[in-house]
Amino acid sequence: MPTKLEIKDLCKGFTSLRSEQSLPVFSGLELRVAENEFICIVGPSGCGKTTFLRILDGLIPFDSGEILLDGQRVIKPGIDKGFVFQDSSLLPWRTVVDNIILGLELHGTPRREARARARHYVELVGLRGFENHYPYELSGGMQQRVNLARALIIEPQVLLMDEPFASLDAQTREIMQLELLKTWGGTRKTVLFVTHQIEEAVYLADRVVVFSSRPATIKAEIPIELTRPRPLAVKRSPQFLAYIDRIWSMIEAEVRRSMLEQPGAEV
Ligand SMILES: Nc1ncnc2c1ncn2[C@@H]1O[C@H](COP(=O)(O)OP(=O)(O)O)[C@@H](O)[C@H]1O
Ligand SMILES: [Mg+2]
């Protein structure tokens, strides 16, 4: 598969108010993502996962290194990238369909045309019949479907998802994972999906990337060789559980390390 996204020697620090020093989040991070690949990123809390996605989206600057999307430097947010945030970021005064077309409208597509295009995506994420509902009338799972449709409708080259199911209850979350894979099967976007749930990562990914604690480097990359389509029952297979064990033992040390680095923490 050709390379879709390439991250070379990425360095980024944040200046702390207390010390006025720049503390590194990444120093020399390298990652290569193939076209159509579904990558899940796991790692201890605070290691820089959200920062990484925001940098990839062009939302925040980085200090040095290079990010290439289709061989071009990533410099600013644009319709080549779709972002799905952890919490629903829907506009409460807009209906489902008008939330979905927001990005298209911002990029100058006339509303009529945008609405016509939205029909396909409403269908794809299973929201038919809810087009004219308002966000407050939807469950958390449905709101995240709207967010997904909103990211997909701009037909991005790469989809960046930051713990999109974290605020859903366990059952809804499982259904959404299954639905996401179905949707992805129909579009085959390149996806970078951040989660702190190892199980979610193994279920979704072609490859799980494990970040170390801050400053984050890539501790391991584990190809997931479970056949697709993946029914939810795959989560009970010995092969699946073996992946979970393997990845968990890898990040356990990192989680402990990051906990110990917090003052007063006891592990
Ligand atoms: N705007 C910011 N200014 C200073 N520090 C920040 C800023 N954003 C994030 N950080 C710090 O960078 C680190 C990584 O944060 P984040 O990317 O949110 O981690 P994760 O998503 O893995 O939990 C954390 O230590 C966080 O406190
Ligand atoms: Mg985060």
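Heads up: the structure comes first, above all this text.
In this text the structure is predicted, and so the values were computed from the model without any measurement. (Residues numbered from 1 in each chain as written. Chains lettered and ligands numbered in written order. Predicted model: local features only at pLDDT ≥ 70, side-chain atom pairs only at ≥ 80, totals over all residues.)

**Student:** Tell me about the nonpolar core, and please be specific about residues and values.
**Tutor:** Within the largest apolar cluster, 69 residues are counted, with the highest numbers of intra-cluster contacts made by Ile-39, Ile-100, Ala-149, Leu-192 and Val-208. The element that contributes the greatest number of residues to this core is helix 5 (residues 140-152), accounting for six residues. Residues within four places of Val-208 in sequence aside, it is in contact with Cys-40, Val-42, Ala-201, Val-202, Ile-222, Ile-224 and Ile-247. (Core = buried A, V, L, I, M, F, W, Y, C linked by C-beta atoms within 7 Å. Buried ≥ 20, exposed ≤ 12 C-beta atoms within 10 Å, placed from the backbone. Helix = DSSP H or I, 4+ residues; strand = E, 2+ residues; numbered from the N terminus. Contact = placed C-beta atoms within 7 Å.)

**Student:** Lay out the site of ligand 1 with the relevant residues and their values.
**Tutor:** Around ligand 1 sit Phe-14, Val-25, Ser-45, Gly-46, Cys-47, Gly-48, Lys-49, Thr-50, Thr-51 and Arg-214, and those are all the residues in its vicinity. Sorting elements by how many residues they give to the shell around ligand 1 places helix 1 (residues 49-57) first, with three residues. (Near = placed C-beta within 6 Å.)

**Student:** Give a description of helix 8 (residues 238-260) that names residues and reports values.
**Tutor:** Owing to its 3.6 residues per turn, the α-helix aligns residues three or four sequence positions apart on the same side. The terminal C-alpha atoms of helix 8 lie 33 Å apart, and with 23 residues this matches the ideal 33 Å at 1.5 Å per residue to within 8%. At Ile-251, helix 8 shows its largest bend, some 30°. Turning to helix 8, its buried residues number three or more, namely Tyr-243, Ile-247, Ile-251, Glu-254 and Ser-258. Buried residues along helix 8 sit in contact with strand 3 (38-42), helix 7 (198-204), strand 9 (207-211) and strand 10 (218-223). (Expected span 1.5 Å × (residues − 1). Bend = angle between axes of the 7 residues up to and from the residue.)

**Student:** Any details on the environment of Gln-177? Residues and values, ideally.
**Tutor:** In this structure, Gln-177 sits in helix 6 (residues 170-187). Looking at Gln-177, the number of C-beta atoms within 10 Å reads 22, which means it is buried. Considering only alpha carbons, one finds Gln-177 and Glu-200, 23 residues apart in sequence, at a separation of 7.6 Å. Beyond its immediate chain neighbours, meaning those up to four positions away, Gln-177 contacts Phe-165, Glu-200, Tyr-203 and Leu-204.

**Student:** Summarise the sheet that holds strand 8 (residues 190-194); cite the residues concerned and give the values.
**Tutor:** Overall, mixed pairing links the six strands, which are arranged 6-7-8-3-9-10 in an open sheet. Looking at which strands have only one partner, the edges of the open sheet turn out to be strand 6 (81-84) and strand 10. Averaged over neighbouring strand pairs, the angle between their axes works out to 15° when direction is ignored. Here strand 6 pairs with strand 7 (residues 158-162) via four bridges, running parallel. When the bridges of strand 7 are listed, Lys-81 appears paired with Val-158. (Pairing = 2+ DSSP bridges. Axes fitted to C-alpha atoms, helices over the stretch in contact; angles between N-to-C directions.)

**Student:** Please provide a residue-by-residue account of the sheet that holds strand 1 (residues 3-15), values included.
**Tutor:** To summarise the sheet geometry, strands pair through backbone hydrogen bonds and adopt either a parallel or an antiparallel arrangement. With antiparallel pairing, four strands are arranged side by side in an open sheet as 2-1-4-5. The open sheet terminates on both sides in strands that have one partner only, identified here as strand 2 (22-34) and strand 5 (72-73). Relative to strand 4 (residues 64-69), strand 1 runs antiparallel, the two sharing five bridges. Paired with Leu-5 across the two strands is Leu-69, which belongs to strand 4.

**Student:** Residue-level account of the packing of helix 5 against helix 6, with values.
**Tutor:** Contact pair helix 5 / helix 6: the axes reach a minimum separation of 11 Å and the direction vectors enclose 20°. Compared by their axis directions, helix 5 and helix 6 come out roughly parallel. When the axes of helix 5 and helix 6 are compared, the crossing they make is right-handed. Contacts between helix 5 and helix 6 pair Gly-140, Gly-141, Gln-144, Leu-148 and Leu-152 from the former with Thr-172, Ile-175, Met-176, Thr-183 and Thr-187 from the latter. When its residues are assigned to classes, the contact of helix 5 with helix 6 shows four nonpolar, six polar and no charged. (Parallel < 35°, antiparallel > 145°, perpendicular 65-115°, else oblique. Left-handed = near helix turned anticlockwise from the far one by under 90°. Nonpolar A, V, L, I, M, F, W, Y, C, P; charged D, E, K, R; others polar.)

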